[in-house]
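Each chain, letter by letter, is given below.
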Amino acid sequence: MISLKSNKIKALAAGLMLTLALGALGCGGDKKEAGAKAEKVNVGIVQLVEHEALDAANKGFVDGLASKGYKEGQNITFDKQNAQADQSNLQNIAHRFVNNKVDLICAIATPAAQTVANVTSDIPIVATAVTDYKTAKLVKDDAKPGTNVTGTTDMNPVAEQLDLLLKLVPNAKTIYCSSEVNSQLQVELLKKAAAAKGITVKEATVSTVNDIQQAARSLAGDVQAVYVPTDNVLASAIPTLISVTEEAKLPVICAEGGMVRAGGLATLGVDYYKLGFQTGVMAADILSGKAKPADMAIQAQKEFKPTINLKEAAKIGLKVPEDLLKGAEVIK
């Protein structure tokens with residue numbers, strides 16, 4: 001026979017065990033697994049302008065988050081905005097995100113990152129398609145940003161791209177066309193690498209798409225090749241540049257594959273989809289509480305694949321060495 005007192009003790013013990021079990025399930029430690037949040041998070045995406053590289057980075061970012069459990073329509077909502085290369089649009093979008101109290105902002109391209117960083121120092125910002133975060137005054141140090149900004153850099157292998165150019169066009173001179181601070185950084189690296197090889201670099205700077213044809217024509221008779229860094233003005237209007245260079249039979253070496261697919265000759269450059277994906281994974285760690293932008297180092301792509309446009313080579317009468325085609329993405 002069981003006493004009433006014994007029954008009470010067992011009931012209390014069972015209740016205590018149930019309470020502890022529920023507490024363990026609810027707590028789960030200080031850090032949450034990516035995508036484990038029960039509530040839906042809101043993420044703002046601001047893209048500077050439409051062109052293949054930035055579009056790919058945008059898609060990669062969303063897919064990177066999805067790979068960590070943050071899936072659109074389930075536990076995450078995106079507010080996707082494109083500024084159409086307009087500074088006033090960037091300002092309006094930045095204030096929209098702040099007013100809507102989004103949980104995180106993804107900024108695609110340097111001007112977009114600078115604008116949102118100037119508007120908020122509280123909302124976490126992950127950026128991509130930014131070449132030099134420190135020069136752009138987005139972080140204090142790449143290894144430890146110390147701000148609400150982190151992300152991925154699209155710094156491309158400039159010296160290796162020059163080597164590619166010289167294999168295609170020995171003794172070539174190059175032109176440079178851009179208006180962005182990050183593009184100027186790349187051209188300085190190009191000048192340094194070119195000087196070591198005894199090559200002359202000539203520059204033609206453009207501020208808008210409307211300047212491209214005139215700038216290209218001004219140098220067409222003086223150079224043997226054109227080098228285009230990761231520049232949003234030119235990336236959005238490569239066909240305009242190519243219309244001049246094809247006529248002059250000038251090869252265009254680009255900083256990324258989207259420009260080659262749009263008419264350039266070749267690159268050894270950044271894969272913007274993969275870069276965006278990498279940024280999405282970083283964002284997932286921030287949203288899940290695993291990391292903070294201030295402590296998250298700027299990340300970079302480590303492997304670069306050549307892309308060669310044989311169709312363009314034929315148009316300008318250039319023979320591509322067979323060894324350059326091995327392992328390359330070839331456009332025919």
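Here goes a summary of the coordinates provided. (Residues numbered from 1 in each chain as written. Predicted model: local features only at pLDDT ≥ 70, side-chain atom pairs only at ≥ 80, totals over all residues. Heavy atoms only, no water.)

Re the side chain of threonine 279
Then, in step 1: Structurally, threonine 279 is set in helix α11 (residues 272-287).
Then, in step 2: What threonine 279 contacts, discounting residues up to four positions off in sequence, is Phe61, Val126, Ala127, Thr128 and Thr152. (Helix = DSSP H or I, 4+ residues; strand = E, 2+ residues; numbered from the N terminus. Contact = heavy atoms within 4.5 Å.)

Looking at the nonpolar core
Then, in step 1: Ranked by size, the top nonpolar core spans 51 residues in total, and within it Val46, Phe61 and Leu65 carry the most contacts.
Then, in step 2: Among the secondary structure elements, those contributing two or more residues to this core are β1 (41-47), α2 (52-67), β2 (76-82), α3 (87-99), β3 (104-108), α4 (110-119), β4 (125-130) and α11.
Then, in step 3: A total of 7 residues in this core trace back to one element, the largest contributor, which is α11.
Then, in step 4: Listed in part, the 28 residues of the second largest apolar core include Val158, Leu162, Leu165 and Leu190. (Core = buried A, V, L, I, M, F, W, Y, C linked by side-chain atoms within 4.5 Å. Buried < 20%, exposed > 50% of the residue type's maximum accessible area, 1.4 Å probe, protein only.)

A word on the pattern of salt bridges
Then, in step 1: The final tally for this structure, using the stated rule, is 10 salt bridges.
Then, in step 2: With a shortest N-O distance of 2.9 Å, aspartate 63 and lysine 59 are connected by a salt bridge. Linking aspartate 63 with lysine 59, this pair stays in helix α2, spanning 4 residues, or about one helical turn.
Then, in step 3: What makes aspartate 63 partly exposed here is its relative accessible area of 23%.
Then, in step 4: Two residues, glutamate 329 and arginine 261, come together in a salt bridge whose shortest N-O distance is 3.1 Å. Here glutamate 329 is found in strand β13 (residues 329-331), whereas its partner arginine 261 is found in helix α10 (residues 257-261), with 68 residues between them in sequence.
Then, in step 5: Judged by its relative accessible area of 28%, glutamate 329 falls in the partly exposed class.
Then, in step 6: In this structure, a network of salt bridges that share partners links the residues Glu52, Arg261 and Glu329. (Salt bridge = Lys/Arg side-chain N within 4 Å of Asp/Glu carboxyl O.)

Some thoughts on the pairing of β2
Then, in step 1: With 7 bridges connecting them, β1 and β2 associate as parallel partners. From the neighbouring strand, glycine 44 faces β2, where its bridge partner is aspartate 79.
Then, in step 2: After leaving β1, the chain enters α2 and then returns to the sheet as β2, a path that is right-handed. (Pairing = 2+ DSSP bridges. Right-handed = clockwise from strand over helix to strand, strands pointing away.)

Observations concerning the environment of aspartate 63
Then, in step 1: For the pair aspartate 63 and tyrosine 273, spaced 210 residues apart in the sequence, the C-alpha separation amounts to 9.2 Å.
Then, in step 2: Once you skip the residues sitting within four places of it in the chain, aspartate 63 turns out to touch Tyr273 and Phe277.
Then, in step 3: Of note is the side chain of aspartate 63, whose polar atom sits 2.9 Å from the side chain of lysine 59.
Then, in step 4: Among the polar contacts listed, one links the side chain of aspartate 63 to the side chain of tyrosine 273, at a separation of 2.7 Å. (Polar contact = N/O pair within 3.5 Å; in protein donor to acceptor, adjacent residues only side chain to side chain.)

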